[in-house]
Every structure is written in C-alpha cells, then in structure tokens.
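Here are the chains, one letter per residue:
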Amino acid sequence: MLQPRSDWYWFSENSQLMLSMGKEWQCTTAFGQKQIVDLPKSHQLFNLSDTEYYLTFADHLLASGGQFSEAQLTQILINATAAIMFHKPVSPKSWFLDEIESFGFHHRLARVSNKFNSAVVLVLTDEHSLATCMLISSKLQLNENKYLRQFELIKVAKNRLEPFLSEASSQLTA
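Predicted model, so just to flag it, every value in this text is computed and none were measured.

**Overview of the sheet that holds strand β6 (residues 118–127)**
As summarised here, the arrangement of the five strands in space is β10-β7-β6-β5-β11, forming an open sheet in which the pairing is antiparallel. Lying at the two open borders of the sheet, with one neighbouring strand each, are β10 (153–157) and β11 (162–163). Relative to strand β7 (residues 130–135), β6 runs antiparallel, the two sharing six bridges. When the bridges of β7 are listed, Glu127 appears paired with Leu130.

**Regarding the nonpolar core**
Counting 32 residues, the largest nonpolar core has Leu61, Ile76, Leu109, Leu122, Leu124, Met134 and Ile136 as the members making the most contacts within it. For this core, the elements supplying multiple residues, two or more each, are β1 (8–13), β2 (16–21), β3 (26–32), α1 (48–63), α2 (70–86) and β6. Here the element with the most residues in this core is α2; it accounts for eight residues. Apart from residues no more than four positions distant in its own chain, Ile76 is found in contact with Leu61, Phe68, Leu122, Met134, Ile136 and Phe151.

Procedures and definitions
Every chain begins its residue count from 1, and numbering advances along the sequence as written. Whole-chain, interface and lining totals are the exception, using all residues; otherwise, since this is a predicted model, local features are given only for residues with pLDDT of at least 70 and side-chain atom pairs are given and counted only at 80 or more. The basis for every side-chain value is the complete set of heavy atoms in the structure, and neither hydrogens nor water enter the calculation. Here the rule is simple: two strands pair whenever DSSP picks up at least two bridges between them. Secondary structure elements follow DSSP: runs of H or I no shorter than four residues count as helices, runs of E no shorter than two count as strands, and numbering proceeds from the N terminus. What we call a nonpolar core is a set of buried Ala, Val, Leu, Ile, Met, Phe, Trp, Tyr and Cys residues that are connected through their side-chain atoms within 4.5 Å. Burial here depends on accessible area, computed with a 1.4 Å probe over protein chains only, as a share of the maximum for the residue type. Under 20% is buried, over 50% is exposed, and the range in between is partly exposed. Contact criterion: two residues are considered in contact whenever any of their non-hydrogen atoms come within 4.5 Å of each other.

Rendered as structure tokens:
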C-alpha cells in the first residue's frame, strides 16, 4: 500500500477527480463532476484530514482479514478518501437490499445482498440507523435495470449490512 506523502494533491482533468502521487503516479478516482461537490480547480494538497481518513480506512481493511493486493488496497483507499472528502450526499436506497437478521459490520466491511447477487461494501460513515457505503466488489445488481459499479456509493439502513467475515474474501474481486 502506498503511504501518503507531502507531494500528493487532488486535481481535476476532463471533469474527473484525480490524485497526483508524486511525479510518476496519478490515480483517476471513480468520481466525476456529477458526483463531486466541488472539483478542485487547481492543485489541492492531500491534507491532514485526507491522510487521517486514508490511514484509518487502511487500518480497518488490513484488520478485516480480506485478501487485497497492494494495488487493490491503494485504489480502495484513494476512492474511499475521495468519497469522504468530495462526494455529494447520497439518499437512502435500502429497498434494493435484503434485510439481515444479524446485522452490523466488522472492521467497517459488510456484505449486502438481494435476489440478484451479493457484494462487499466498505462503510464510510455510520449515522444512527443508516450507513453510507462504498462498493468494494466489482459490481452489484440492484434490480433488473440498475447496477452499482465498483467504488460507487449507496446509503442503506444498518439492518441491510451483514457482518463481513474473512472466509468470505473470495467476494473481494477488483
């Protein structure tokens, strides 16, 4: 996993949020102008808050027992940090997912499911009875016509989140 450095900065290119990670690396996030509150018009330093979120999410993911490559982990962390810092609020969409009897999340990872499939999400924010989550799996079919793609956000009632256990790591494909 790449560690945040003082030369990292956010910027936009072609209406897409990007992260420069020094002279040789840059990452295109999953978020474009429609999902972002304010795209940076110039270089916006990867600040202390960004670093805190990045490292906190890293701790949660490393403690989860999920099997992530270094590249996958870095990509998840960059998109999770970008979502927290820049993404517009999302409205609840719990009706797309099945209710779970024994609900919750483990190390901020949870599984969500419906009649079409199941997927793993990272809980970004935990507010009373709702959680805003980022899809970690490659996709999640919500209904006959609607899909979430990897790194898209969904807000759901906590009773839709099945605790993630490390045996289920086969669902963590990027």
